[in-house]
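# Structure at a glance
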Amino acid sequence: MQFKSQAVAKPYFIAAIALFVGQILFGLIMGFQYVVGDFLFPEIPFNVARMVHTNLLIVWLLFGFMGAAYYLIPEEAETELFSPRLALITFWVFLAAGALTVVGYLAVPYATLAEATGNNMLATMGREFLEQPLPTKIGIVVVALVFLFNISMTVLKGRKTSISLVLLLGLWGLAVFFLFSFYNPSNLVLDKYFWWWTVHLWVEGVWELILGAMLAFVLIKITGVDREVIEKWLYVIIAMTLITGIIGTGHHYFWIGTPEYWQWFGSVFSALEPIPFFMMTVFAFNMVNRRRREHPNKAATLWALGTGVMAFLGAGVWGFLHTLAPVNFYTHGSQITAAHGHMAFYGAYVMVNLTMISYAMPMLRGRSANSPSAQVLEMWSFWLMTVSIVFITLFLTAAGILQIWLQRMGETPMSFMAAQDQIMLFYWLREAAGFVFLLGLVLYIWSFFKKGEVQTAA
Amino acid sequence: MTIDTITPDEILATPPGDLAIWFFIFAELLAFGVFFVAYAFARAHNVELFDESQRQLDISSGAINTLVLITSSYFMVRAVAAIKQGLSRVCARWIAAAIALGGIFLAIKLVEFHDKFSAGISLSTNTFYMFYLSLTIFHFMHVILGMVILAAVMLKARRGGYSAQNHTDVETGASYWHMVDLLWIILFPLVYVIH
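Chains are numbered independently. Their residues run from 1 in the order of the written sequence. Throughout, the order in which chains and ligands are written sets their labels, letters from A for the former and numbers from 1 for the latter. The predicted origin of the model limits local features to residues at a pLDDT of at least 70 and limits the giving and counting of side-chain atom pairs to 80 or more, whereas totals for whole chains, interfaces and linings rest on all residues.

### Some details on the overall build of chain B
Put simply, DSSP marks the helices as runs of H or I at least four residues long and the strands as runs of E at least two long, and each gets a number from the N terminus on. Helices and strands together make up the secondary structure of chain B, namely 7 helices and 0 strands. Each residue is classed by its C-beta neighbour count within 10 Å, where at least 20 other C-beta atoms makes it buried, 12 or fewer makes it exposed, and intermediate counts make it partly exposed; the C-beta atoms are placed from backbone geometry. Looking at chain B as a whole, 34% of its 195 residues qualify as buried.

### Quick look at helix α13 (residues 335-364) of chain A
All names here are of chain A. By this rule the span expected of a helix is its residue count minus one, scaled by 1.5 Å. For α13, which comprises 30 residues, the first-to-last C-alpha distance of 41 Å matches the rise-based estimate of 44 Å (1.5 Å per residue) to within 8%. Think of it this way: the bend at a residue is just the angle between two axes, each fitted to seven residues, one set ending at that residue and the other starting at it. At Tyr346, α13 shows its largest kink, close to 35°. Of all 30 residues in α13, 26 are buried, a share of seventy percent or more. Two residues or fewer after α13 comes Gly366, characterised by a positive phi angle close to 80°.

### What about the interface of chain A and chain B?
By the criterion used throughout, residues are in contact when their C-beta atoms, derived from the backbone, lie within 7 Å. Listed per partner, the contact involves 14 residues of chain A and 12 residues of chain B. Those elements that place two or more of their residues in the side of chain A that touches chain B are α8 (227-248) and α9 (261-271) of chain A. In terms of residue count, α8 of chain A provides more of the side of chain A that touches chain B than any other element does, 6 residues in total. A class-by-class count of the residues in the side of chain A that touches chain B yields 12 nonpolar, no polar and 2 charged. Residues were grouped as follows: Ala, Val, Leu, Ile, Met, Phe, Trp, Tyr, Cys and Pro as nonpolar; Asp, Glu, Lys and Arg as charged; and all remaining residues, including Gly, as polar.

### Notes on unusual backbone geometry
Residue and element names in this part refer to chain A. That bond from Phe41 to Pro42 is cis: its omega, 5°, falls within 30 degrees of zero. Looking at the element boundaries, Pro42 is found in the loop between α1 (9-35) and α2 (46-77). The phi dihedral of Glu78 is positive, around 55°, even though this residue is not glycine. Even without a glycine there, the phi angle at Phe129 is positive, about 70°. By the element assignment, Phe129 lies in the loop between α4 (110-116) and α5 (134-157). Owing to 16 C-beta atoms within 10 Å, Phe129 belongs among the partly exposed residues under this scheme.

### Focus on the domain arrangement of chain A
All names here are of chain A. One can read the domain layout of chain A as domain 1 (1-160) and domain 2 (166-447). Residue ranges for the domains originate in an automatic or database domain assignment. Put simply, the middle of domain 1 and the middle of domain 2, counted by C-alpha atoms, are 19 Å apart. The partner domain 2 presents 35 residues to the 39 residues of domain 1 that form the contact. Of all the secondary-structure elements, those providing two or more residues to the side of domain 1 that touches domain 2 are α1, α2 and α5. Tallying contributions element by element places α1 first for the side of domain 1 that touches domain 2, with 14 residues. Taken together, the residues of the side of domain 1 that touches domain 2 sort by class into 30 nonpolar, 6 polar and 3 charged.

### A short note on helix α14 (residues 372-408) of chain A
Between its terminal C-alpha atoms α14 of chain A stretches 52 Å, which fits the 54 Å expected from 37 residues at 1.5 Å a residue. Among the residues trailing α14 of chain A, Gly410 of chain A stands out with phi positive, at a value near 85°.

### Focus: the packing of α2 of chain A against α13 of chain A
Residue and element names in this part refer to chain A. In this analysis an axis means a line fitted to C-alpha atoms, helices contributing only their contacting stretch, and an angle means the value between N-to-C directions, from 0 to 180 degrees. Interhelical geometry of α2 versus α13 gives an angle of 40° and a closest axis separation of 10 Å. As far as their axial angle goes, α13 and α2 are oblique. Regarding α2 and α13, the two cross each other, and that crossing is left-handed. Of α13, the residues touching α2 (which contributes Leu57, Leu61, Gly64, Ala68 and Tyr71) are Phe345, Tyr349, Asn353, Met356 and Ala360. Here the contact of α2 with α13 is built from residues that sort into 8 nonpolar, 2 polar and no charged. If an angle is under 35 degrees, it is roughly parallel; if it is over 145, roughly antiparallel; if it lies from 65 to 115, roughly perpendicular; otherwise it is oblique. Left-handed describes a crossing whose near helix is turned anticlockwise from the far helix through less than a right angle; right-handed describes the clockwise counterpart.

### Here we look at the nonpolar core
For soluble globular proteins, nonpolar side chains are generally found buried alongside one another. In terms of nonpolar packing, the biggest core is built from 187 residues, with Ala79 and Ile95 of chain B touching the most fellow members. When residues of this core are assigned to their parent elements, the largest contribution, 21 residues, is made by α2 of chain A. Counting residues domain by domain, this core receives three or more from each of domain 1 (1-160) and domain 2 (166-447) of chain A. Residues contacting Ile95 of chain B, with those up to four places away along its chain left out, are Met76, Ala79, Leu150, Val153, Met154 and Ala157 of chain B. We call a set of buried Ala, Val, Leu, Ile, Met, Phe, Trp, Tyr and Cys residues a nonpolar core when their C-beta atoms link them within 7 Å.

Next comes the structure, spelled out in structure tokens:
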């Protein structure tokens, strides 16, 4: 750690991992409800479990991004953080808001929560991923603004690098596009249309900039390759991301009442969306092969390479699988979507956060890398989580293909529930893979407590 | 510049300009390529509709624009040749001429767009016009981007920022500009001419 104020990243990373555990537990509950429908009913209905599962994911990824920014920006700008105090205050505000929101989801019916939190004044709730009550949404905006102020000021007073500029662009974009969560027109087509401006332009737009910047930062640190080379890659990758991703929004506009040309725009541009992810994979491997130093943190290197590969598979390949309009006509909203969602989120955003945490946490604890035995444990967790997400994806893909075949094709299509009964086996397998994932996560956390010979940071 | 000032090694060693622009050019060509293929498929299914709509296009303005862009590309060749001899101001002037022709292209295209839009044609008119408008508008925006890139290079050239040895940016800009030209050379016959 080069700057004292980078230490504020630590609580962010710890909170991120804690919420990650919560996300996985609710995923397991929900996965079990797929096969035993009334499990934990009425205490935790399926819709609530799902909401908690997805919301926790988003919140912990945001904690991870903020922690990453607080760690990365001072080092890139070569100056102390503008205000470490502010960073700690917003940490507690964000954590409290997040916890209260989840408690609200679990404690009272959603409709009661909506009424109690002013949804009648400004209706923003009840939409997938943006279920947060109004005060939480406002809290997110305030926290984001304070956070952006803090890191932007740091960059302004220090060295301006491509990595910090790309990261800032991504984070500002994240805040700007979240504002569309407040816009909820009563016309359902318009509602969905702009809902995607938050959801799609986050994960297939500005978040990819954040991902690229974080990956580039870690690669510079662990490979020692010239900044100039890495920055050039970064620019080409983000240019491709924006060219394909922005109009790629069209792949959500096939069947929601928007004009027909979106079927062409969405198909063509989103068919090209795998390219930036592929370039990221080539980038990561290329840089590691050209490394000019042997960094002792092998685990972080593994995570960085894994991010490239899994993001390409999950976001790129599994996205392409169902992005062409004639295919999507059949696959829309099936388990294929769920398969893609799981591997894309894990491969891109979970893994880049774990890459950053894997690299930064030892530094924050005063050493350049964890002990070899702790790293072995961490690598086990890498393989367990990664392989199990691959299996979750494969099982859901199988379930999806079968579901589409039974329910949407053929002479006598089955009803939704009848088709679900037929694919039960895959849901059982998915749940089993989910437990392996949890085991991987437990090992990951355990690796932080594993003692052994360590190298002190230079 | 004469041909004999370039050795064969120089031609083959690396593409001119910054390598990054070539990734970018490749990606752009891929994007347009996918669109061209999609156009071909859509046309094969709707030959009559495409034929009829294509006849409503103004081939002569398209042809003039083809000449304009090719000439503009030639001016960029002259700009690169000039800077290779260390003539910054001459280089800047050739780039200015290339940009001016880009402007003429845009003006002619705007007249065409104006005609179509005032005839009530939009992206939703039919599949042909969806392709015609998307392809030409995407290309239009690439011309603008190319002009911005060339303008940046021109300003630096005018300040004497390049020399006979160090002029990667000029070649980078020229490469991108040739791509914009190339796309039009494919787009024009494909959409305007081939019935």
